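Here is how the chains run, residue by residue.
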Amino acid sequence: MSDVRINARSPYFIEANRVAPDPVVIPPPVEENTPPTVSITASNTNPCLTETVTLTAVATDTDGTIVSYLWGGTTSSYTTSSITITNSVEESKTFYVIVTDDDGDTANASITIHWQDCTTQLPPQDIGVECGDTFNQATFSGSQSYNFIDVGNKIGNVTINLQDTIYSPNNVPVKFDITWNGSTISTGYVGSDSFDNQLLTLGVSPSDINTSNPTNKGTGTSLTINKTAATPTEVTLTATTPLVNDSFTFELSCPDVLATTTYYYTLIGTCTTGTTEFTYLDVNGVTQTVTLAKDEIQLISAQENSVSVAVCTGTTEKGGQSFDSGTPDLIVDPNAEFRIWLDNSGSMGSEIFAIRDMIEYQLKNSFLTYYDNDVKKYNQQVSSILDPISYTGTTASSERFLLYAAEDKFNSTSTKVVNMIWVDEANPSYHVFTPVGDNTQTATYLSDVQTLRNNLDAVANYGNKLVVIFCVEKNFNDEYKQFSHFIDNISNGVNGFEGSKGLSDRSDVIFVRNVEPYQTAAYYHQVTIDALTDLGYKI
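What you are looking at is a predicted structure, and each value in this text was computed from that prediction instead of being measured.

Caption draft 1: Highlighting the packing of aromatic side chains. Following the criterion strictly, the structure yields 13 aromatic pairs and no others. Aromatic side chains W422 and F470 sit 4.1 Å apart centroid to centroid with 15 degrees between the ring planes, which places their arrangement in the stacked category. Highlighted residues: W422 in strand β24 (residues 417–424) and F470 in strand β25 (residues 465–472), separated in sequence by 48 residues. A residue is classified by how much of its surface remains accessible, and W422, at 0% relative accessible area, is buried. Under the relative-accessibility criterion, F470 is labelled buried at 0%. Members of the aromatic cluster, each reached through a chain of ring pairs, are F338, F367, Y371, Y378 and Y537.

What follows is the structure, encoded as structure tokens:
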């Protein structure tokens, strides 16, 4: 239709079939994607070796969904939200996870797991720890107690030395308290001060926090309590933390015997009418009384110079140290001499090979650690002597075992000597035995015992000369049994070998009876180690 005008001059007109323009469309605003978040939880961050740990990725996406997981630090590529891992090596390992949402955005997280050897880990309880032990404590929370089981009646300083472990950072604070006889010494909380606020929140007193310097458990912190008397014997260590402890190691050092020195004394009653009354001080300073009839004998242990005769008359003979407070611990000093004297008479010769094998192999293996694995040093200080040269003025002297025992150090620079004598009970030097009388062999016994006693008396300190006499018993029921009687007499102090005539009052001489013949080197090695242990050695 064309324009229709009413009047050509009119400003008005009618227009038909005009096409309207398209409306303007405004697009909605583009929303930005919010990236996901993720963290990792673990069923155990300090597992034992071969223990399985579950790791779980806790992921969220506020504007979408998590579409994939990818784990790293593992032997295989895992794509699930949770995985299980294990390890047989004592180490710390870090694992991480990457998550992706439906918009392609990612997030990641990591966690470190510390695998540890838990062979010494025990549940919270009183744990027995022996002197010289190094104890490895794994994680725990709360309190853990340790009973120092062989401090016993020793006197002196009992010390724990905290050491570092392979686990990092080992700084979770732990308080150590060592207690004896109601007295307690404490370290306060030993660990990093970065945990101070947590401790305060948990109600720990500020005075208990980081009172030890240094504060790291692995940088040489120690704790010592002085045990001033033989009893009570119990010493306890308690470790406490309100957090989760991250492991520690400590070594227990125990005192040598520092109590009042006591000695054996042989008391002999000599009063012709009535009885003899002796008084003396025991190891605890308590006065004791002994009453003896004429010629009656009693062996006691008393403080030096404390024995006196209160009634009538009597005699006293002082012997060796009695160690009422326990035998001091001895280490295998690399400057000590261990000499093994071998009787080669009669049937004893059949034992020589096994005993020498023991010296060359089993005993060497037990001792080498004390010689820094230096075989040459071991061979210099540990020797066997077969049929030593004769002693002037004696007969059958190569078999006179008491003179072997009396030998001094070969090397003047040696700190001590331990004479170990292996002798056949059928030793020909002592076949004829009369306990009391003028028999020439008896005179030799008494002379040899006195030589040994004089030699021991000249030693200033216990442990500088020690003697072990092993008696290999073959013929239990024949005439040679007399030799065994002789050993019994001098070791028990009877039948004419009372007091200084025998060795029953010497703690530095021990007799090992009834050693079985025809045994292996391993058997003789165990006999040797047991005897050295009885003398105070920790091997």
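After that view, the rundown keeps rolling.
Caption draft 2: Molecular detail of the sheet that holds strand β19 (residues 297–303). Taken in spatial order, the three strands make up an open sheet running β19-β16-β21, and their pairing is antiparallel. With one partner strand each, in any of the chains shown, β19 and β21 (314–321) form the two edges of the open sheet. Pairwise comparison of adjacent strand axes, ignoring direction, gives a mean angle of 30 degrees for this sheet.

Caption draft 3: Examining the pattern of salt bridges more closely. Taken as a whole and judged by the stated rule, the model has nine salt bridges. Residues participating in the shared-partner salt-bridge network are D457, R506 and D508.

Caption draft 4: Broad picture of the environment of P35. Mapped onto the elements of the fold, P35 is located in the segment before β1 (37–42). Owing to a relative accessible area of 44%, P35 belongs among the partly exposed residues under this scheme. Linking P35 and D61, residues 26 residues apart in sequence, is a C-alpha distance of 6.7 Å. For P35, the contacting residues outside a window of four places in its chain are D61, D101 and D105.

Caption draft 5: Expanded view of the state of the cysteines. One pass over the structure, following the stated rule, counts one disulfide. A disulfide bridge connects C271 with C312, and the sulfur atoms are separated by 1.9 Å. Its S-S torsion of approximately 90 degrees makes the covalent link between C271 and C312 right-handed. You can see C271 sitting in the loop between β16 (262–269) and β17 (276–281) and its partner C312 sitting in the loop between β20 (308–311) and β21, a full 41 residues away along the chain.

Caption draft 6: Molecular detail of the side chain of K416. Within the secondary structure layout, K416 lies in the loop between α5 (401–405) and β24. Comment: no salt bridge for buried K416; closest opposite-charge side chain is D333, at 5.1 Å. Contact partners of K416, with chain neighbours within four places excluded, come to L330, N335, A336, E337, K409, G463, N464 and Y537.

Caption draft 7: Focus on helix α2 (residues 352–360). Taken together, the buried positions of α2 are I352, A354, I355, M358 and I359. Tucked inside the fold, the buried residues of α2 contact β22 (337–342), α3 (362–367), α4 (375–381), β23 (382–386), β24 and α8 (521–534).

Caption draft 8: The arrangement of α8 in detail. With 14 residues, α8 extends 20 Å between its outermost C-alpha atoms, agreeing within 8% with the 20 Å of an ideal straight helix rising 1.5 Å per residue. Of all the positions in α8, only A521, Y524, H525, V527, T528, I529, A531 and L532 are classed as buried. Check the buried side of α8 and you find it contacts β22, α2, α3, β24, β25 and β26 (509–515). Just downstream of α8 lies G536, where phi reads positive at about 115 degrees.

Caption draft 9: Inspection of the sheet that holds strand β4 (residues 82–85) at higher detail. Reading across from one edge, β1-β2-β4 is the order of the three strands in this open sheet, with antiparallel pairing throughout. Each having just a single partner strand, β1 and β4 make up the two edges of the open sheet. Direction aside, the axes of adjacent strands within the sheet are offset by 20 degrees on average. Bridge count between strand β2 (residues 53–60) and β4: four bridges; the pairing is antiparallel. The residue bridging V53 from the neighbouring strand is I85, located in β4.

What counts and what doesn't
Residues numbered from 1 in each chain as written. Predicted model: local features only at pLDDT ≥ 70, side-chain atom pairs only at ≥ 80, totals over all residues. Heavy atoms only, no water. Phe/Tyr/Trp six-rings, centres within 6.5 Å; stacked < 30°, edge-to-face > 60°. Helix = DSSP H or I, 4+ residues; strand = E, 2+ residues; numbered from the N terminus. Buried < 20%, exposed > 50% of the residue type's maximum accessible area, 1.4 Å probe, protein only. Pairing = 2+ DSSP bridges. Axes fitted to C-alpha atoms, helices over the stretch in contact; angles between N-to-C directions. Salt bridge = Lys/Arg side-chain N within 4 Å of Asp/Glu carboxyl O. Contact = heavy atoms within 4.5 Å. Disulfide = S-S within 2.5 Å. Lys, Arg positive; Asp, Glu negative; His and termini not counted. Expected span 1.5 Å × (residues − 1).

So yeah, pure geometry; function would need other evidence.
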